[in-house]
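Per-entry structural report
Chain by chain, the residues:
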Amino acid sequence: MVDILKYLEQLTPSKVKKKKSDKISKLFPLRRSAGVFIRSRWGVVESTWTATNCCCCLLSDFFQYANKLLLSDHATGLQIKEFARKNAANALSVANMVMGMASILSSLNGHHHAACWLVLIGYLLDLADGAVARRLDACSALGAKLDDFADFTTFGIATSLLLRTSDLLDNVLCMCYVLSVFVRLCFFSSGIPFMYRGLPCIYSSAILASASLLSGGNMTVLRVIAVAMILFMISQNFYPHDKVLESQTWKKVVYAGGVAMVFCSSFPPACVYYLLWSISYILFPTSLWSCKL
C-alpha cells in the first residue's frame with residue numbers, strides 16, 4: 001500500500017496528461033497532410049484556416065482585377081466609338097484635302113489625267129462630309145475650318161493648276177481663279193438658311209476638270225470656261241444648299257452614279273457624268289437641286 005502511494009506522489013499532472021495523450025494516440029493514430037489532421041478512425045477533419053484564407057484573398061483579388069479590366073475595356077471601346085463619331089466627317093474633309101494635294105503634285109509632274117480625276121474625287125468627298133456631320137450630330141468649328149481648307153486646296157489651288165502653262169496670261173488666269181475661290185469661301189455668305197450666294201466652287205471645279213478631260217487639255221476651251229466660272233462664283237446669284245445625300249432618293253442615286261464613274265475613270269466619256277451633273281446645278285438650281293428633305 002505504501003509503495004502505491006509513493007508511486008502516485010511521484011506522478012506530476014503533466015506526466016499524467018502525457019501518458020493519457022500517449023494512450024489516445026495509440027488508440028487513434030493521427031495523419032498529417034497539407035495542414036489538415038485526419039483522425040483515421042473517427043473521420044474528424046480540423047483545417048488550419050490560414051491556407052484557405054490565402055486562397056480566398058487571391059481569388060477575390062483576381063476577380064476584382066478582372067472586373068476592372070473588363071470595365072476599362074468597355075470604357076475604352078466607348079471612347080473609341082465617340083471619337084469615331086465626332087471625327088468621321090473631319091476624316092472626309094482631310095481626305096478631300098489629300099486629294100487636292102495629290103492633284104497638285106500630279107499637275108506639277110505632268111500627270112494631267114490623274115490630276116483631273118483627283119479633283120472629281122474631292123468633289124464627291126466634299127458632298128459627303130457635311131451630310132455625315134449632320135447625320136452623326138458632329139458639326140463643329142473645327143469641321144467647318146477643315147472643310148474650308150480642303151475646299152481651297154482642292155477646288156482652288158489644285159483646279160487652278162489645270163490651267164497652268166508657260167504663258168504669262170495663263171498664269172495670271174490661274175491666280176485669278178484661286179483668288180475668286182478664296183473670296184467665295186471667305187466673304188460670300190448669303191445669310192439665308194440653306195442658300196449660297198455665288199456658285200459653290202466645287203461645281204466650277206467639276207466643270208473645269210471634266211472639260212479638261214474631254215478636250216484633252218485644250219487651253220482655249222479651258223480659258224473660256226475658267227472666266228465663266230470666275231464670274232459665276234463672284235456673282236450675287238443665289239444657289240440652293242446641295243444636300244444631295246439628305247434629300248430625295250434620285251439625288252442619292254445620282255451620287256452613287258458619281259462614285260461608280262470613278263471606277264470607270266479609264267473610260268474617257270465617264271467624266272461627262274460630272275459635267276452634266278454640275279451644269280444642271282447651274283441651269284436648274286431651284287427646280288432640281290433645292291434641298292427638300
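Report follows, based on the coordinates. (Residues numbered from 1 in each chain as written. Predicted model: local features only at pLDDT ≥ 70, side-chain atom pairs only at ≥ 80, totals over all residues. Heavy atoms only, no water.)

What to know about the packing of helix H4 (residues 112-135) against helix H10 (residues 272-283)
Between H4 and H10, the least distance of the axes is 12 Å, while the angle of their chain directions is 50°. Put simply, H4 runs oblique to H10. Along this stretch, H4 crosses H10, giving a crossing that reads as left-handed. Of H10, the residues touching H4 (which contributes Trp117, Leu120, Tyr123, Leu124 and Leu127) are Tyr274, Trp277 and Ser278. Residues that form the contact of H4 with H10 fall into these classes: seven nonpolar, one polar and no charged. (Axes fitted to C-alpha atoms, helices over the stretch in contact; angles between N-to-C directions. Helix = DSSP H or I, 4+ residues; strand = E, 2+ residues; numbered from the N terminus. Parallel < 35°, antiparallel > 145°, perpendicular 65-115°, else oblique. Left-handed = near helix turned anticlockwise from the far one by under 90°. Contact = heavy atoms within 4.5 Å. Nonpolar A, V, L, I, M, F, W, Y, C, P; charged D, E, K, R; others polar.)

Here we look at the environment of Phe182
Along the polypeptide, Phe182 turns up in helix H6 (residues 168-187). Between the C-alpha atoms of Phe182 and Gly156, which are 26 residues apart in sequence, the distance is 7.4 Å. Once residues within four sequence positions are removed from consideration, Phe182 is found in contact with Phe152 and Phe187.

A closer look at the nonpolar core
Tyr123, Leu127, Leu163, Leu199 and Trp277 are the most contacted members of the largest nonpolar core, which totals 48 residues. Secondary structure elements with two or more residues in this core: H4, helix H5 (141-160), H6, helix H7 (201-215), helix H8 (219-233), helix H9 (249-262) and H10. Among residues more than four places away in sequence, those in contact with Leu127 are Ile202, Tyr203, Asp242, Val244, Leu245, Tyr255 and Trp277. (Core = buried A, V, L, I, M, F, W, Y, C linked by side-chain atoms within 4.5 Å. Buried < 20%, exposed > 50% of the residue type's maximum accessible area, 1.4 Å probe, protein only.)

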